[in-house]
Amino acid sequence: MQAARVLIQAVFDLVMGNLMRNKLAFGIALGLASLTILPATGAGKSATTLTQTQYAELLRAREAVWRAWFAGDRAALEKVLPEDTIAINNGDEKWEHRAEVLESAKQFAADRDKLIHLSFPHVEVQSFGDVAVLYSLWTTETEVHGQHSVSSGRATEIFVRRNGQWLNAGWHLDSGK
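Everything numeric here is computed off the predicted structure, so don't read it as measured data. (Residues numbered from 1 in each chain as written. Predicted model: local features only at pLDDT ≥ 70, side-chain atom pairs only at ≥ 80, totals over all residues. Heavy atoms only, no water.)

Caption draft 1: Fine view of the overall build of the protein chain. Assigned secondary structure in the protein chain consists of four helices and six strands. Secondary structure elements in the protein chain, listed N-terminal to C-terminal, are α-α-α-β-β-α-β-β-β-β. Taken across its 177 residues, the protein chain has 28% of its residues classed as buried. (Helix = DSSP H or I, 4+ residues; strand = E, 2+ residues; numbered from the N terminus. Buried < 20%, exposed > 50% of the residue type's maximum accessible area, 1.4 Å probe, protein only.)

This is the structure:
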């Protein structure tokens, strides 16, 4: 009986040992494969660096969007806001889509309100191929119903490059408070 137990234990140890070695070998192979496969499939997902020219184009595109909105320039906005634009504006509960953004720009200009000054004193950019995220501090001076007003806050803006042009696909503005 003792010999049978020893034999069963030896067979069990052999089988389990092979399984454990096989699991270990499989785990090592999977780990090594992930080191070569994942970087290739993840290409374009990690932050990239824009050239100075691309960076300047992106900042010009962003400023053009803001100035077009304040001017109520629908034609310019239609060129730089894709159909799927989503905007979260400071203090607004309702998110805007492209049509609402165009309408709010039209209303600002129709009220004869105007932009006096626009600045972005601090900007950081992350780019991911044809997508860039801008993190900014912004300041505007406007004249609204004859009254001067200075506003400031933070902006997170998403730009996509389509056909060589940066488009503002969405943003989130807040007061920074």
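Caption draft 2: Looking closely at helix α2 (residues 52–71). Its 20 residues place the ends of α2 28 Å apart at the C-alpha level, agreeing with the 28 Å of an ideal helix rising 1.5 Å per residue. Of the positions making up α2, those classed as buried are L58, A61, R62, V65, W66, A68 and F70. Buried residues along α2 sit against α3 (74–80), α4 (98–110), β3 (114–128), β4 (131–144), β5 (147–162) and β6 (165–174). (Expected span 1.5 Å × (residues − 1). Contact = heavy atoms within 4.5 Å.)

Caption draft 3: Region of the structure containing the packing of aromatic side chains. The tally for this structure, following the rule as stated, stands at five aromatic pairs. Centroid distance W66 to W138: 5.7 Å. Interplanar angle 50 degrees. Geometry classified as tilted. Taken together, the positions of W66 in helix α2 and W138 in strand β4 put the pair 72 residues apart, joining distant regions of the chain. Each ring, one from F70 and one from F108, has its centre 5.3 Å from the other, and the planes form 80 degrees; the classification is edge-to-face. Linking F70 in helix α2 with F108 in helix α4, this pair joins segments that are 38 residues apart in sequence. Judged on exposure class, the residue F70 and its partner F108 are both buried. (Phe/Tyr/Trp six-rings, centres within 6.5 Å; stacked < 30°, edge-to-face > 60°.)

Caption draft 4: Geometry of the sheet that holds β4. Strand order in the open sheet formed by six strands is β2-β1-β6-β5-β4-β3, and the pairing between neighbours is mixed. Looking at which strands have only one partner, the edges of the open sheet turn out to be β2 (96–97) and β3. Of the pairings in the sheet, the one linking strand β1 (residues 86–88) to β2 comprises two bridges and is antiparallel in character. By the bridge assignment for β2, A87 is matched with E96. Packed onto the sheet, α2 meets β3, β4, β5 and β6 and runs at close to 145 degrees relative to β3. (Pairing = 2+ DSSP bridges. Axes fitted to C-alpha atoms, helices over the stretch in contact; angles between N-to-C directions.)

Caption draft 5: Fine view of the nonpolar core. Core analysis: the largest hydrophobic core is formed by 26 residues, its most contacted members being L58, W66, L77, L81, F159 and W166. Every residue in contact with F159, bar those within four places of it in the chain, is listed here: L58, A61, R62, V65, D130, V131, A132, L134, W166, L167, N168 and A169. (Core = buried A, V, L, I, M, F, W, Y, C linked by side-chain atoms within 4.5 Å.)

Caption draft 6: Seen up close, the confidence of the model for the protein chain. In this model, the protein chain carries an average pLDDT of 83, and 75% of its residues clear a pLDDT of 70 or more. Here residues 24–44 is a poorly scored stretch, pLDDT under 50, and it has three contacts once near neighbours within four places are set aside; other chains count. (pLDDT = per-residue confidence, 0-100.)

Caption draft 7: Region of the structure containing the side chain of N89. In this structure, N89 sits in the loop between β1 and β2. A relative accessible area of 15% places N89 in the buried class.

Caption draft 8: View of unusual backbone geometry. You will see that H145, though not glycine, has its phi angle at about 50 degrees, which is positive. One can find H145 in the loop between β4 and β5. On the basis of relative accessibility, which here comes to 58%, the residue H145 falls in the exposed class. Positive phi, close to 55 degrees, is recorded for N163, a residue that is not glycine. Judged by its relative accessible area of 85%, N163 falls in the exposed class.

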